[in-house]
Amino acid sequence: MLRVLTAIAAVFLVVLFGGLLAGGYMLWQMNQDLPDYTKLANYEPPIMTRVHAGDGTLIAEYAKEHRLYVPYNAIPKRVVEAFLAAEDKNFFSHGGVDATGIARAMVDNVVNYMNDRRLAGASTITQQVARNFLLNSDRTITRKLKEALIAMRLEKAYTKEKILELYLNEIYLGMGGYGVAAAAQIYFDTSLDKLTIAQAAYLAALPKGPANYQPYRYRDRAIARRDWVVSRMQEDGFITKEEAELARQDPFVISQRVPGAKLVDAEYFVEEVRRELLAKYGEQKLYEGGLSVRTTIDTNMQMIAAKALRKGLVDYDKRHGWRGPLAKLPAGANWQTALQQQKYAEDLAPWTLGVVLDINDKGADIGVLADKLPSGKFSEAVKTGNIPLSEITWARASIKGQYLGPVVKKVSDVLAIGDVVYVEPVYVKDKAEVDHYALKQAPSVNGGVIAMDPHTGRVLAMQGGFSFDLSEFNRAVQALRQPGSAFKPFVYAAALDHGFTPASLILDAPFVMDQGAGLALWKPENYERNFHGPSTLRFGLEHSRNVMTVRLAQNIGMETVADYAKRYGISDNMMPVLSMSLGAGETTLLKLASAYAIFDNGGKRVTPTIIDRIQDRMGRTIYKHDDRPCATCNADWADGQLPPELPDTREQVENPQTSYQMTSILEGVIQRGTGSSAKAVPVPLAGKTGTSNEERDAWFMGFSPNLVVGVFVGNDNPTPLGKSETGGRTAAPIFRDIMMETVGKEPAIPFRIPPGINLVKVNAKTGQLASAGSPGVILEAFKDGTDPQPDNSGAIGVITGSPVSGLDNSGFSAPATAASDSDVNTGTGGLY
């Protein structure tokens, strides 16, 4: 018997020894294959890029993983304690693996197994860091062993605080949020330091399975898990009994903050910023690099520009009639469900969708979409309302997009039961109570607005269309359109640089050009189809006279005009043909606004920019738009010290005198000419209308001493806008509304007059010196040496030193052999 027991013991010892050797070898081999944990010392997690307005307002975030990296010393103690209580209460005492926690988990898992529940783990926070950063989530013995080995190594290599910092910034907490800082924003729209005990406890409840405690789908389960964490915090001595009771009584209000654009009306601007960052740094840096981008946008001006553009497009659309409902619900359909499933432009709020439920003599009863929840679904409660007939009478039928149908006399002329339409709430005066709804229609026409600082090129507002939800195409920067008469000022600027003055006489009479064998005669016409005979250069631009512009361009040469188009940044390769002088070429709204800025700032080129500065994740500046040298900018500041002077590095592309002369003439466009609808703004303004052939493009480009605003309106096709839909009627009111809400509320600032300019009283019609008491007198801007002089008799003088257009008395131009218009804009409709 003794021999048997001895043999059994020997076998047991051999097996045990062999097992120990095998286990030791396996651990040794596993240890050799462990990932390199030292790379965590230089860990740079994917961090979202944040975009701010000029005033610091957050306007956009770009990220694949919504994460804000926060160092340990910036994480509130209460947040750390909540996660320790929920995940690893012995964190500061164990060496990476918690033996007590493993024993407790083994006991708990016996109960879990008997009740067919999911087995609980015993991973410490350090083990979770090892798994999340260096391993996968496979539930295998091998992975668990590797996890434990790496955890013990991490504990020796890094401080407890560093391990917690990695954990609290890396862990996924649901709703697209990575790390506690991002989760605080997503769930509660707040920063870490403002989290309550209850809120911190809820976040600490999420690592075990964010989807299981989703606040909208599993609210009761989420509250129960939160309260469990609160109880653990109390048991571990992190909070008092009273604090725990208050936390459990917290109503659990979720204030979800959806990642993305934060300023709705800035979406076109934000997308342009994204494109520029993508081109400059690439996709990975954009979405994972943690860039901090300070843009040029003025949030107040942006909202003004977006509102004015939408109003102008809606006003145009109403002039061209009702095109019908968005959709038609079948009889008997559940309108509440159908409305929620209908796609519409949410960025048009307060516009919303309504469905016609009944019609009568006084109006239409409608059902309206209820408020949308943060989850993306609508609340169960639905709204009903009424559209009175007075809010429907504008909707006369649109005939071919150009004409209006019969006058609306009853609701059924426009609407029928089941029609799905846009509506806007109209509130009771001085109350937040809806009185009724107004019928609305998204315009078929579109447009863009640019507002720019003329001295720096900083884009202060950019609206690329009526609705970003309906169309992401940015008409402010992407649309190549014919500027029409908005190009004419650059022809006139070239003329002023080539010996003409604002008082020079140019013949306003029929013009005919022989384009060559087999081609029709080119006969440009004035928009009004009349002629004024010899007229001043100022008159020609103020009233946008096409024939005068063509004669002027022919006199100075189209090669010169093309050179000026390039110099001003409008077009690099303009064809040197006369029709181009009337704006038959193509350019963008942004380029044209930059060109007008040169007139405004005294002839200096500015580079348009939407980004002021970019910083990397460490706060280092890696890009500045203003790159002027400043040796003393970082010097210590002393009381009474003057600010450093920065050099003006802008290129002088036009002389200041010509720039002012053009500004003065463009002031006349608003005071006496085609831009008179902007005259209502009570400050000095200059500008120019523009309309291309058949009214396909409508423009207004204008400026005050410190702000340039450009407006474009047109169909994307492009098809004609309709009879009389000129820049003065369609675009100028949008410009006026923007200026009224911005510079119109500020003290009037006159345009700066440079040295070398003399203001002389002349007759506005003839350009000659004005006699005392004569009517129609204006102050004209002349360069030194070009002032008109009285003749020998002392009567009204004549212009000297300024060429007339060089045309014969018949009023017809001799054929030009240097240019052919066979390929561009040979119509006779006239450019206004």
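Look above for the structure.
Source: prediction; values computed, not measured. (Residues numbered from 1 in each chain as written. Predicted model: local features only at pLDDT ≥ 70, side-chain atom pairs only at ≥ 80, totals over all residues. Heavy atoms only, no water.)

### Some points on the overall build of the protein
Then step 1. For the protein, the count of helices and strands is 20 helices and 24 strands.
Then step 2. Out of the 832 residues belonging to the protein, those deemed buried represent 50%.
Then step 3. Here the protein has roughly 38500 Å² of accessible surface; of this, 53% comes from carbon and sulfur atoms. (Helix = DSSP H or I, 4+ residues; strand = E, 2+ residues; numbered from the N terminus. Buried < 20%, exposed > 50% of the residue type's maximum accessible area, 1.4 Å probe, protein only. Areas by Shrake-Rupley, 256 points an atom, 1.4 Å probe, with all protein chains shown as cover.)

### Section: unusual backbone geometry
Then step 1. Here the bond from Ala349 into Pro350 is cis, since omega is 20°, no more than 30 degrees from zero.
Then step 2. Backbone torsion omega between Asn717 and Pro718 reads 0°, so that peptide bond is classified as cis.
Then step 3. By the secondary structure assignment, Pro718 is in the loop between β22 (707–714) and α20 (727–741).
Then step 4. Of note, Asp189 is a non-glycine position whose phi angle comes to about 50°, a positive value.
Then step 5. On the secondary structure map, Asp189 appears in the loop between α7 (180–188) and α8 (197–205).
Then step 6. The class of Asp189 is partly exposed, set by a relative accessible area of 45%.

### Focus on the packing of helix α2 (residues 77–87) against α8
A pair of packed helices can be characterised by two numbers: the angle between their axes and the separation between those axes.
Then step 1. α8 packs onto α2 with a crossing angle of 45° between their chain directions and a minimal axis gap of 8 Å. Between α2 and α8, the angle is such that the two are oblique. Both α2 and α8 take part in a crossing whose hand is right-handed. Each of Arg78, Val79, Ala82, Phe83, Ala86 and Glu87 in α2 lies in contact with α8, whose residues at this interface are Ile197, Ala200, Ala201, Leu203 and Ala204.
Then step 2. In terms of residue class, the contact of α2 with α8 is made up of nine nonpolar, no polar and two charged. (Axes fitted to C-alpha atoms, helices over the stretch in contact; angles between N-to-C directions. Parallel < 35°, antiparallel > 145°, perpendicular 65-115°, else oblique. Left-handed = near helix turned anticlockwise from the far one by under 90°. Contact = heavy atoms within 4.5 Å. Nonpolar A, V, L, I, M, F, W, Y, C, P; charged D, E, K, R; others polar.)

### Comments concerning helix α14 (residues 488–496)
Then step 1. By the criterion of burial, α14 is predominantly enclosed, with nine of the nine residues buried.
Then step 2. When α14 is considered as a whole, its buried residues turn out to be Lys488, Pro489, Phe490, Val491, Tyr492, Ala493, Ala494, Ala495 and Leu496.

### Comments concerning the pattern of salt bridges
Then step 1. Across all of its chains, the model carries 40 salt bridges by this definition.
Then step 2. For the salt bridge of Arg248 with Glu245, the shortest nitrogen-to-oxygen distance reads 3.1 Å. Of this pair, Arg248 and Glu245 are both found in helix α10 (residues 241–248), three residues apart, which corresponds to roughly one turn of the helix.
Then step 3. Close ionic contact of Asp616 with Arg620 constitutes a salt bridge, the shortest N to O distance being 3.0 Å.
Then step 4. Sharing partners across several salt bridges, the network here consists of Arg538, Glu542, Arg672 and Glu780. (Salt bridge = Lys/Arg side-chain N within 4 Å of Asp/Glu carboxyl O.)

### Description of the sheet that holds strand β15 (residues 459–463)
Within a sheet, neighbouring strands are paired by backbone hydrogen bonds and run either parallel or antiparallel to one another.
Then step 1. As summarised here, the arrangement of the five strands in space is β15-β14-β22-β21-β20, forming an open sheet in which the pairing is antiparallel. If you trace the sheet from one side to the other, it starts and ends with β15 and β20 (686–691), each paired once. Neighbour to neighbour, the strand axes of the sheet diverge by 5° on average, direction disregarded.
Then step 2. Note that β20 and strand β21 (residues 697–704) share six bridges and pair antiparallel. Each bridged residue has a counterpart across the sheet, and for Gly690 the counterpart in β21 is Trp699.
Then step 3. Its contacts with the sheet put helix α12 (residues 299–318) on β14 (446–452), β15 and β22, and the angle it makes with β15 is roughly 30°.
Then step 4. Against the sheet, helix α19 (residues 656–672) engages β20 and β21, with an angle of about 65° to β20. (Pairing = 2+ DSSP bridges.)

### Notes on the packing of aromatic side chains
Then step 1. What the rule picks out here adds up to 22 aromatic pairs.
Then step 2. Between Tyr172 and Tyr178, the ring centres sit 4.8 Å apart and the planes meet at 50°, which makes this aromatic pair tilted.
Then step 3. The class for Tyr172 is partly exposed, based on a relative accessible area of 36%.
Then step 4. A ring pair is formed by Tyr596 and Phe599, whose centres lie 6.0 Å apart and whose planes are at 85°; its orientation type is edge-to-face. Of this pair, Tyr596 and Phe599 both sit in helix α18 (residues 589–600), three residues apart, which is roughly one turn of the helix. Side by side, Tyr596 and Phe599 carry an identical accessibility label, which is buried.
Then step 5. Here a set of aromatic residues connected by ring pairs shows up, and it is made of Phe487, Phe490, Tyr564, Tyr568, Tyr596 and Phe599.
Then step 6. In this structure, Arg221 is placed above the aromatic ring of Tyr218, and the distance from its NZ or CZ to the ring centre is 4.2 Å. (Phe/Tyr/Trp six-rings, centres within 6.5 Å; stacked < 30°, edge-to-face > 60°. Lys NZ or Arg CZ within 6 Å of the ring centre and 35° of its normal.)

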